[in-house]
Amino acid sequence: MRRVVCRYHCGVCGGHFSSLNGFAAHRAGEHGAGDRHCIEPLDDARFAELTENGLCAMYAVEQVGIVVWTLAADLQRARERSGGSERAAFGVAMDREAA
Ligand SMILES: [Zn+2]
Ligand SMILES: [Zn+2]
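As the structure is a prediction and not an experimental result, all values here were calculated from the model.

Reading the values: rules and limits
- Residues numbered from 1 in each chain as written.
- Chains lettered and ligands numbered in written order.
- Predicted model: local features only at pLDDT ≥ 70, side-chain atom pairs only at ≥ 80, totals over all residues.
- Helix = DSSP H or I, 4+ residues; strand = E, 2+ residues; numbered from the N terminus.
- Buried ≥ 20, exposed ≤ 12 C-beta atoms within 10 Å, placed from the backbone.
- Contact = placed C-beta atoms within 7 Å.
- Core = buried A, V, L, I, M, F, W, Y, C linked by C-beta atoms within 7 Å.
- Pairing = 2+ DSSP bridges.
- pLDDT = per-residue confidence, 0-100.

Notes on the overall build of the protein
Regarding its fold elements, the protein presents four helices and six strands. Starting at the N terminus and ending at the C terminus, the protein contains elements arranged as β-β-α-β-β-β-β-α-α-α. When burial is assessed residue by residue, the protein has 22% of its 99 residues classed as buried. When contacts within the protein are restricted to residue pairs at least 6 apart in sequence, those whose partners lie at least 24 apart make up 55%.

Here it is in structure tokens:
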């Protein structure tokens, strides 16, 4: 079975993100002003869980069962593109591997 993979890993908070947009949105504060920090996606409605059973291969030992975050707006767009089916949006490769 194919897992959703962490593509943008935050080395500061250890957060896992599927998109650069999502990663960028969770970093707040001004560059160089000393107040750069991470927003906890759980506490911010802009973020949505893409999966609770993702894979992060950022370190020597892979982590599985991690939450991979994306932007709620991006997830919504992906669902609309696929006719409302999350499985169609993210499960295409999974279906091929299972066949
Ligand atoms: Zn972070
Ligand atoms: Zn990660």
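Once the structure has been displayed, the description carries forward.
Points about the nonpolar core
Of all hydrophobic cores here, the largest spans 13 residues; its most connected members are Cys6, Phe17, Leu50, Ile66, Val68, Trp69 and Leu71. Put simply, the parts of the chain that give this core at least two residues each are α1 (20-25), β5 (47-56) and β6 (63-71). Apart from the residues lying within four places of it in its own chain, the contact partners of Phe17 are Cys6, Arg7, Tyr8, Gly22, Phe23, Val68, Trp69 and Thr70.

What to know about the pairing of β5
Summarising the sheet, β5 and β6 pair through seven bridges and their orientation is antiparallel. Residue Thr51 lies in a different strand from β6, and its bridge partner there is Val68.

What to know about the environment of Phe47
Among the structural elements, Phe47 can be located in strand β5. Residue Phe47 is classed as buried on the basis of its C-beta count, with 24 C-beta atoms lying within 10 Å. With residues up to four places along the chain from it excluded, the contact list for Phe47 reads Gly22, Pro41, Trp69, Leu71 and Ala72.

Points about the confidence of the model for the protein
Averaged over every residue, the pLDDT of the protein is 86; the share at 70 or more is 83%. For the protein, the element scoring lowest by mean pLDDT is helix α4 (residues 92-98), at 43; strand β2 (residues 16-17) scores highest, at 98. Confidence over residues 91-99 falls short of pLDDT 50; this stretch has four contacts with residues more than four positions distant or in other chains.

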